[in-house]
Amino acid sequence: MSAAELAASLAQAQDAKADIELLRNALAVESVTGNETPFARFLEDRLQEIGLDTGRGEFIEGRENVWGAGPSGGGSGSSLMIVGHSDVVHTRGWKEHWQDDPRSDPFAGVERDGAIWGRGASDLKGGICAAVAALRLLRKAGHELAGGITLAFVGDEESGEPGTGVSAGAKDLVRRIESGQIARPDFAVYVEPTGLDVCTAQIGFFIADVTVAGRTAYFGTPQHGVDALKATHELLSRIWAHEADLADGPSHDLLGASSILATGIEGGGFIAVPGECRLSLIRKLRPGEDMDEAVAGFETALALADLADGISVSIDYPAGRDHDLGGTPVEISRDTPAARLLQACIRQTRPDAGRIGGAPYWSELPFLVNEIGCPAVYCAPGDIAVAHTFEERIRIDEYLAAVRAYALFAARFCGLTESHLSQT
C-alpha cells in the first residue's frame, strides 16, 4: 500500500463525530495542575479501549502519570513515543469574562465558529486526544503497527499553582524509561500546540526574583533611610542595558535573539522611604546557550557591588526544571529523518501546515532529548497564542487533520505488518 493509498484509507475510516466527542469528554475532566489524577484515570480507560497495555504511577503522592504501550506486530519497525502533559492552567476569571455566553463554563467544550472552546482545548488536550484517536483510527482501518508505540501523559508541566510546576511528571517518566519499565523510543513527538508545524527547536528560560533591601524612614526625615526603590530603579536601568546587549548579540534563525524582561515590581506602600522592593524577571535563552553562563552574565550585568551603601540584594531562581535554575533550550537537526517524515505526513493531510520551526515557549522536550537521548519535536494542533487565555479553543478541522496525520506518521515510522512503508 502506498502512502497516498494509506492516507486515503484513513480519511475514509475516520469517525469525526467520535473524535470530537473524545475531545469534549476530555475537556470535561478538570485537571488544573495538582489535580491531574482524574484525567489520568480517564485517559487510562481510553488507552485500554484502543488495545494498549496501560500503566499508572504516582509522580508525587496523590498525583498520577499514565501511559499505554501498543503490542508490537513483531516486525522491524521503529519505536515511537507520543508525550503530552495532562494538567491545564487555572480558570480564575473565566466565568466572569464570558458571563451569559455558553462558553462561560470552561469545561463544557462548546462548539462555536468552527472551533471547540474550553480550558485545555489547545494546551494541550487537543494534541492528546488527536494521538489517542489516531491509534483508534489505525485500528478501525485494519492496520497493525510493526514497531512499538507508547503514549505517555505526564502531570506538573504548567506553572501558576503554589508548590507545583517543576516537571515532576516528566522527571518520573524519565526514571521509568531509564529503569526499563517504559520502553525507550527511537523518536518522540510532544504534543504542545504548534498549528501542526514541526518544531525542532525551543527556547530556554530562567526566572529571577530579586529582593532589594534598604532601610525605611519617615517621609519627613528621608536622610535616615536607604531608598530600596531608588536602588531598584538603578538595577532596572542595568537590566535594560543588558537587554539591549542581548538583542544586539547572536540570533537563532528560528527563534531570534536572547532577551530579558522585567515582569513585575512591588515595593513601598507606606508614606515613608521604601525599605524593600521586589522585582521579577524572565530571561529567554536561545538554543546553544548555556544556562550557567546566562545566569552569570545576568548577575554580572547587575553590578551589585556598585549599588548605594546600605543596600543589599538577594536573588532567587524559583523555576528549576531540567536544570536547577530553569529550563534549558534544546534543538535537534531539522533534517532528522523522522522530523522530515512527520512533516511529509502532515502536508499530506493539511497542505498549509508542516513547516519546520522553533517553539517560542519552554516545555519538556529537553527531558527527552537530553535525559534519554531521544530525538524529539513539538507538533500538535492548536494555537499557542490562545493558551492560558479566556479565548482558548481549537479549530475542529485542524484537530481532525491532526488525527489523520498522527495515524499516517505512526504507520510510516513504525511500519505496518501487512505492508511496510518506506520512511523516505
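Just above, that's the structure.
An account of the accompanying structure is given in this report.

About the criteria used
- Residues numbered from 1 in each chain as written.
- Predicted model: local features only at pLDDT ≥ 70, side-chain atom pairs only at ≥ 80, totals over all residues.
- Heavy atoms only, no water.
- Helix = DSSP H or I, 4+ residues; strand = E, 2+ residues; numbered from the N terminus.
- Buried < 20%, exposed > 50% of the residue type's maximum accessible area, 1.4 Å probe, protein only.
- Salt bridge = Lys/Arg side-chain N within 4 Å of Asp/Glu carboxyl O.
- Core = buried A, V, L, I, M, F, W, Y, C linked by side-chain atoms within 4.5 Å.
- Contact = heavy atoms within 4.5 Å.
- Patch = residues over 30% accessible without salt bridge, like charges linked within 9 Å, V, L, I, M, F, W, Y side chains within 5 Å.
- Areas by Shrake-Rupley, 256 points an atom, 1.4 Å probe, with all protein chains shown as cover.
- Polar contact = N/O pair within 3.5 Å; in protein donor to acceptor, adjacent residues only side chain to side chain.
- Pairing = 2+ DSSP bridges.
- Axes fitted to C-alpha atoms, helices over the stretch in contact; angles between N-to-C directions.
- Phe/Tyr/Trp six-rings, centres within 6.5 Å; stacked < 30°, edge-to-face > 60°.
- Expected span 1.5 Å × (residues − 1).
- Parallel < 35°, antiparallel > 145°, perpendicular 65-115°, else oblique.
- Left-handed = near helix turned anticlockwise from the far one by under 90°.
- Nonpolar A, V, L, I, M, F, W, Y, C, P; charged D, E, K, R; others polar.

**Quick notes on the environment of Asp352**
Position of Asp352 among the secondary structure elements: in the loop between helix 9 (337-349) and strand 17 (356-359). With a relative accessible area of 48%, Asp352 lands in the partly exposed category. In this structure the C-alpha to C-alpha distance between Asp352 and Gly195, which are 157 residues apart in sequence, comes to 9.9 Å.

**With respect to the pattern of salt bridges**
On inspection of all chains with the given rule, the structure shows 25 salt bridges. Across the pair Glu64 and Arg56 runs a salt bridge whose closest N-O atoms are separated by 3.1 Å. Exposure remark for Glu64: the relative accessible area of 8% places this residue in the buried category. A salt bridge links Arg175 to Asp172; its shortest N-O distance comes to 3.6 Å. In this pair, Arg175 and Asp172 both sit in helix 6 (residues 168-178), 3 residues apart, roughly one turn of the helix. Judged by its relative accessible area of 45%, Arg175 is partly exposed.

**Some remarks on the nonpolar core**
Formed by 98 residues in total, the largest nonpolar core has its most connected members in Leu80, Leu151, Val189, Tyr399 and Phe409. Among the elements that take part in this core, helix 11 (residues 396-414) stands out by supplying 15 residues, more than any other. Ignoring sequence-local partners within four residues, the contact set of Tyr399 consists of Asp19, Ile20, Leu22, Leu23, Gly126, Cys129, Ala130, Pro381 and Ile394. Formed by 25 residues, the second largest nonpolar core is a distinct cluster that contains Ala208, Ala294, Leu307 and Ile311.

**A closer look at a nonpolar patch on the surface**
Taken together, the side chains of Tyr218, Phe219 and Ile271 make up a nonpolar region of the molecular surface, amounting to roughly 400 Å² of accessible area. Here Ile271 is to be found in the loop between strand 12 (259-267) and strand 13 (276-285).

**Quick look at the side chain of His85**
Considering the arrangement of structural elements, one finds His85 in strand 3 (residues 80-85). Here the side chain of His85 touches Asp87 through a polar contact of 2.9 Å, landing on its backbone oxygen. For His85, the side chain forms a polar contact with the side chain of Glu157, separated by 3.2 Å.

**Quick word on the sheet that holds strand 19 (residues 393-395)**
With antiparallel pairing, the 3 strands of this open sheet are ordered in space as 4-5-19. In this open sheet, the two edge strands, each paired with only one partner strand, are strand 4 (110-112) and strand 19. Sheet twist, expressed as the average angle between the axes of neighbouring strands with direction ignored, equals 25°. Note that strand 5 (residues 115-117) and strand 19 share 3 bridges and pair antiparallel. Bridging from a neighbouring strand, Ile116 pairs with Ile394 of strand 19. Those strands touched by helix 2 (residues 16-27) are strand 5 and strand 19, and its axis lies near 15° from that of strand 5.

**Digging into the packing of aromatic side chains**
All chains considered together, the criterion is met by 12 aromatic pairs. Pairing Phe206 with Tyr317 gives two aromatic rings, centres 5.8 Å apart and planes at 75°, and the pair type is edge-to-face. With Phe206 in strand 9 (residues 204-213) and Tyr317 in the loop between strand 14 (312-316) and strand 15 (326-327), the pair connects residues that are 111 residues apart, well separated along the chain. Judged on exposure class, the residue Phe206 and its partner Tyr317 are both buried.

**Focus on helix 9**
With 13 residues, helix 9 should cover 18 Å at 1.5 Å per step; its first-to-last C-alpha distance of 19 Å lies within 8% of that length. Among the residues making up helix 9, those that are buried are Ala338, Ala339, Leu341, Leu342, Gln343, Cys345, Ile346 and Thr349. Buried positions along helix 9 lie against strand 7 (187-190), strand 8 (198-202), strand 17, strand 18 (376-378) and helix 11.

**So, the packing of helix 7 (residues 228-247) against helix 8 (residues 291-302)**
One way to put it is that helix 7 packs onto helix 8 with a least axis distance of 8 Å and a crossing angle of 135°. Relative to helix 8, helix 7 is oriented oblique. Where helix 7 crosses over helix 8, the handedness of that crossing is right-handed. When helix 7 is examined against helix 8, the residues Leu235, Arg238, Ile239 and His242 are found in contact with a partner set consisting of Gly297, Phe298, Ala301 and Leu302. Its residues assigned to classes, the contact of helix 7 with helix 8 shows 5 nonpolar, 2 polar and 1 charged.

**Here we look at helix 7**
Helical geometry note: an α-helix holds 3.6 residues per turn, so side chains three or four residues apart project in the same direction. The terminal C-alpha atoms of helix 7 lie 28 Å apart, and with 20 residues this matches the ideal 28 Å at 1.5 Å per residue to within 8%. Taken together, the buried residues of helix 7 touch strand 9, strand 11 (256-257), strand 12, strand 13, helix 8 and strand 14. Near the N-terminus of helix 7, the side chain that reaches the backbone nitrogen of Leu229, with its oxygen 2.9 Å away, is that of Asp227.

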